[in-house]
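# Reading the structure
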Amino acid sequence: MDYWYWDNLLSTEEIVEINNVCKNNIDSSLVDRPASGVVKTSKVEVLEWRYLQPNFEKIYEAWMTANRDTFGYNLYPVMNNELWHYNTYDSINSAEYGCHKDEDNKRVSDIKLTGIVNISDEPYERGEFIVFKDDTFREIPEISQPGCTLLLNQGIVHKVNPVTKGIRKTLSFWFYGPVHF
């Protein structure tokens, strides 16, 4: 299984609230650094889990249930100070994120799952989420609608196509677990 998705897990009101939480709790001292050689023109800001947690109970529970029932990873607990990425893809600069694989080559842990939540609060066009598997690019349309969420298995190459109209917003997080040798 490459991914799980959930439609309309957040209401319009919840999306507005989450965007307000993000804007009010961005840690401007931290800067995202994309992988070497990867095109990334989206704006990425970060905030701590402690601020999002009250609004994410049902999403977190859905993700953990999917991990338990499908992926089976031994995941480290999410700590209050762990960082979530607040991603803004603006059509003004045709924002995109080129092909990449979420990985962090630490000695004792690595990324097991990637969680993404669409928190767009205005219409946008394009900005498709694409995965590369079995020598083929394939769109994952389930994450295109505001309020939808996706849990992506480790090692899947993916990208976000350029946004051509409006602004696409997402939150993303990486779940870590022990390295198996």
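Rules of the game
- Throughout this description, residue numbers start from 1 for each chain and increase along the sequence as written.
- Totals for whole chains, interfaces and linings use every residue, but because this is a predicted model, local features are given only for residues with pLDDT of at least 70 and side-chain atom pairs only at 80 or more, for both listing and counting.
- In computing side-chain values, all of the structure's heavy atoms are included and hydrogens and water are not.
- Secondary structure counts use DSSP, requiring at least four H or I residues in a row for a helix and at least two E residues in a row for a strand, with both numbered from the N terminus.
- Radius of gyration: over C-alpha atoms. The globule rule applied is 2.2 Å multiplied by the number of residues raised to the 0.38 power.
- Under the scheme applied here, a residue whose accessible area is under 20% of the maximum for its type counts as buried, over 50% as exposed, and between as partly exposed, the area being computed with a 1.4 Å probe on protein chains only.
- Any two residues whose heavy atoms approach within 4.5 Å are treated as being in contact.
- Paired strands are those between which DSSP finds at least two bridges.
- For every element, the axis is a line fit to its C-alpha atoms; helices are fit only across the contacting stretch, and the angle between N-to-C directions ranges from 0 to 180 degrees.
- Residue count minus one, scaled by 1.5 Å, sets the expected span of a helix.
- Here, the arc refers to the directions that run from the helix axis to the C-beta atoms.
- When a carboxyl oxygen of Asp or Glu lies within 4 Å of a side-chain nitrogen of Lys or Arg, that pair is called a salt bridge.

## Section: the overall build of the protein
For the protein, the count of helices and strands is three helices and 11 strands. In the protein, the succession of α and β elements from N to C terminus is β-α-β-α-α-β-β-β-β-β-β-β-β-β. Against the globule reference of 16 Å for 181 residues, the protein gives a C-alpha radius of gyration of 15 Å, in line with a compact fold. With respect to the three principal axes, the spread of C-alpha positions in the protein is 45 × 40 × 35 Å. Evaluated residue by residue, the protein yields a buried proportion of 47% over its 181 residues. A separation of at least 24 residues holds for 87% of the contacts in the protein among residues at least 6 apart in sequence.

## Comments concerning the sheet that holds strand E7 (residues 129–133)
In space, the four strands of this open sheet follow the order E4-E10-E7-E8, with antiparallel pairing throughout. Only two strands of the sheet have a single neighbouring strand rather than two, namely strand E4 (97–100) and strand E8 (136–139). For this sheet, the mean inter-axis angle between neighbouring strands, taken without regard to orientation, is 20°.

## Some remarks on helix H3 (residues 57–71)
Along its 15 residues, H3 runs 20 Å from first to last C-alpha, staying within 8% of the 21 Å computed at 1.5 Å per residue. Among the residues of H3, those classed as buried are Ile59, Ala62, Trp63, Ala66, Asn67 and Phe71. The arc that holds the buried residues of H3, viewed along the axis, is 135°, so those residues lie on one side. Of the exposed residues in H3, those oriented more than 90 degrees away from the buried face are Glu57, Glu61, Arg68 and Asp69. Looking at the buried positions of H3, the neighbouring elements they touch are strand E1 (3–6), strand E3 (83–90), strand E5 (109–118), strand E9 (149–153) and strand E11 (163–178). Looking one or two residues beyond H3, the residue adopting positive phi is Gly72, at roughly 75°.

## A look at the environment of Ser94
With respect to the helices and strands, the residue Ser94 is situated in the loop between E3 and E4. Discounting chain neighbours no more than four positions away, the residues touching Ser94 are Thr41, Pro162 and Val163.

## Topic: unusual backbone geometry
Backbone geometry follows two general trends: most residues other than glycine have a negative phi, and most peptide bonds adopt the trans configuration. The phi dihedral of Arg126 is positive, around 65°, even though this residue is not glycine. Structurally, Arg126 is set in strand E6 (residues 124–126). For Arg126, a relative accessible area of 46% puts it in the partly exposed group. For Asp135, which is not a glycine, the phi torsion comes out positive at approximately 60°. Position of Asp135 relative to the elements: it lies in the loop between E7 and E8. Judged by relative accessible area, Asp135 falls into the exposed class, the value being 71%.

## Description of the pairing of E7
Across four bridges, the pairing between E7 and strand E10 (residues 157–160) is antiparallel. For Val131, the partnering residue across the bridge sits in E10 and is His158. The pairing of E7 with E8 spans four bridges and is antiparallel. Bridge pairing in E8 links Val131 to Arg138. If you look at the hairpin formed by E7 and E8, you'll find two residues sitting between the two strands, and Asp134 has a positive phi there, around 55°.

## Overview of the pattern of salt bridges
Counted under the stated rule, the structure contains nine salt bridges. A salt bridge links Asp121 to Lys169, with the nearest nitrogen and oxygen atoms 3.1 Å apart. Residue Asp121 is found in the loop between E5 and E6, and its partner Lys169 is found in strand E11; the two are separated by 48 residues along the sequence. Glu128 is the salt-bridge partner of Arg126, the closest N and O atoms lying 2.6 Å from each other. Using a relative accessible area of 14% as the deciding quantity, one classes Glu128 as buried. Each of Asp2, Lys133 and Arg138 takes part in a single network of salt bridges with overlapping partners.

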